[in-house]
Amino acid sequence: MPYIATSDGAQIFYKDWGAGRPVVLSHGWPLNADAWDNQLMLLASNGFRAIAHDRRGHGRSTQTWNGNTMDQYADDLAEVIDQLGLTDAIVVGHSTGGGEVTRYLGRHGTSRVAKAVLVGAVPPLMLKTDANPEGTPLEAFDAIRTELAADRSQFYRGLSAPFYGANRPGSTVSQGMRDQFWLLSMQVGLKAAYDCVKEFSETDFTEDLKRIDIPVFVAHGDDDQIVPIQAAAPKTVQLLKDATLKVYPGASHGIVGAYEAALNADLLAFIRA
């Protein structure tokens, strides 16, 4: 299987499908690159080189004890892009992956990247503070950590419902989709999953967003129960120099159903423009 070795010795697994202009996709917590399979196939079938990696600690990548930080995630993404020799790339991040992409662009610049896409992304800051009253209280993230440590398997089964909006009236989300979420989630090491909660919830990406000097497409569902939109997308676009915001009515955090179909079309249009 394809891996790149990072400077600290971790092995980062990646998928590399198709040929053409590179599009690099960063997944959400607590999933892995397989969560992007539909988009990888879409992009590779439309003349792009589609690449997605498993974040360290997740999926097939090394389950590191240390280094489960947003800075290191961004550095790992930089090593994937650099070692694969990618230029004129489009980077796409969902949820925590949106934070990873944002920190990568803020920390490593845009010399290899032409555009970015943030989908249901955690920036600028998820945590509720005096300066960010729309955020989610720390107690909610403490509860996630408690449930992870106690019974992560049952926690992931439960989380699949709000993730995909399966707890909403009229939901058509399949049991198979929820089972896939559980399966991918169980592949992340407990330490990495636990550490990552702090990273996606407490990292402030404000300064990173201000540094980004390329076009960014910001997509968010207005019924996102995991990364509520009020503290996320509208604030993000205010900090970016060149941003386009699209809000998907009734869409969940997970990319599924009609939301996925609409987002796929918008993703292709933005990349091709």
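Residues numbered from 1 in each chain as written. Predicted model: local features only at pLDDT ≥ 70, side-chain atom pairs only at ≥ 80, totals over all residues. Heavy atoms only, no water.

### Here we look at the overall build of the chain
Part 1 of the reasoning: In terms of regular secondary structure, the chain is built from 9 helices and 8 strands.
Part 2 of the reasoning: Over its C-alpha atoms the chain spans a radius of gyration of 17 Å, differing by no more than 12% from the 19 Å that the globule rule assigns to 273 residues.
Part 3 of the reasoning: Considering only C-alpha atoms, the chain reaches an extent of 40 × 40 × 40 Å along its principal axes.
Part 4 of the reasoning: Across the 273 residues of the chain, 55% fall into the buried class. (Helix = DSSP H or I, 4+ residues; strand = E, 2+ residues; numbered from the N terminus. Rg over C-alpha atoms; globule rule 2.2 N^0.38 Å. Buried < 20%, exposed > 50% of the residue type's maximum accessible area, 1.4 Å probe, protein only.)

### With respect to the pattern of salt bridges
Part 1 of the reasoning: Under the counting rule described, the total for this entry stands at 22 salt bridges.
Part 2 of the reasoning: Taking the shortest distance from any N to any O, the salt bridge between arginine 103 and aspartate 71 comes out at 2.6 Å. Within this pair, whereas arginine 103 is found in helix H3 (residues 96-108), its partner aspartate 71 is found in helix H2 (residues 70-83), the two being separated by 32 residues in sequence.
Part 3 of the reasoning: When its relative accessible area of 13% is taken as the criterion, arginine 103 is described as buried.
Part 4 of the reasoning: Here aspartate 71 falls in the partly exposed class, since its relative accessible area comes to 30%.
Part 5 of the reasoning: A salt bridge links lysine 198 to glutamate 202, with the nearest nitrogen and oxygen atoms 3.0 Å apart. With a gap of 4 residues between them, lysine 198 and glutamate 202 both fall in helix H6 (residues 190-202), about one helical turn apart.
Part 6 of the reasoning: A cluster of three or more residues bridged by salt bridges with shared partners is formed by Asp71, Asp75, Arg103, Arg107, Asp208 and Arg211. (Salt bridge = Lys/Arg side-chain N within 4 Å of Asp/Glu carboxyl O.)

### Some thoughts on the packing of helix H4 (residues 138-164) against helix H5 (residues 175-185)
Part 1 of the reasoning: Where H4 meets H5, the closest approach of the two axes is 9 Å, and the angle between their N-to-C directions is 135 degrees. The pairing of H4 with H5 is recorded here as oblique in orientation. In this structure, the crossing between H4 and H5 has a hand that is right-handed. Packed against H4, whose contacting residues are Arg152, Ser153, Tyr156, Arg157, Leu159, Ser160, Ala161, Phe163 and Tyr164, the element H5 presents Met177, Arg178, Asp179, Phe181, Trp182 and Ser185 at the interface.
Part 2 of the reasoning: Class assignment of the residues belonging to the contact of H4 with H5 gives a composition of 8 nonpolar, 3 polar and 4 charged. (Axes fitted to C-alpha atoms, helices over the stretch in contact; angles between N-to-C directions. Parallel < 35°, antiparallel > 145°, perpendicular 65-115°, else oblique. Left-handed = near helix turned anticlockwise from the far one by under 90°. Contact = heavy atoms within 4.5 Å. Nonpolar A, V, L, I, M, F, W, Y, C, P; charged D, E, K, R; others polar.)

### Description of the side chain of lysine 115
Part 1 of the reasoning: Considering the arrangement of structural elements, one finds lysine 115 in strand E6 (residues 113-119).
Part 2 of the reasoning: No salt bridge forms around the buried lysine 115; measuring N to O, its nearest opposite-charge neighbour aspartate 88 is 8.3 Å away.
Part 3 of the reasoning: Among the polar contacts made by the side chain of lysine 115, one reaches the main-chain carbonyl oxygen of phenylalanine 270 at a distance of 2.6 Å.
Part 4 of the reasoning: Engagement of the side chain of lysine 115 in a polar contact is seen with the backbone oxygen of isoleucine 271, the distance being 3.4 Å.
Part 5 of the reasoning: Once residues lying within four places of it in the same chain are set aside, the contact partners of lysine 115 are Ala89, Ile90, Val91, Ile214, Pro215, Phe270, Ile271, Arg272 and Ala273. (Lys, Arg positive; Asp, Glu negative; His and termini not counted. Polar contact = N/O pair within 3.5 Å; in protein donor to acceptor, adjacent residues only side chain to side chain.)

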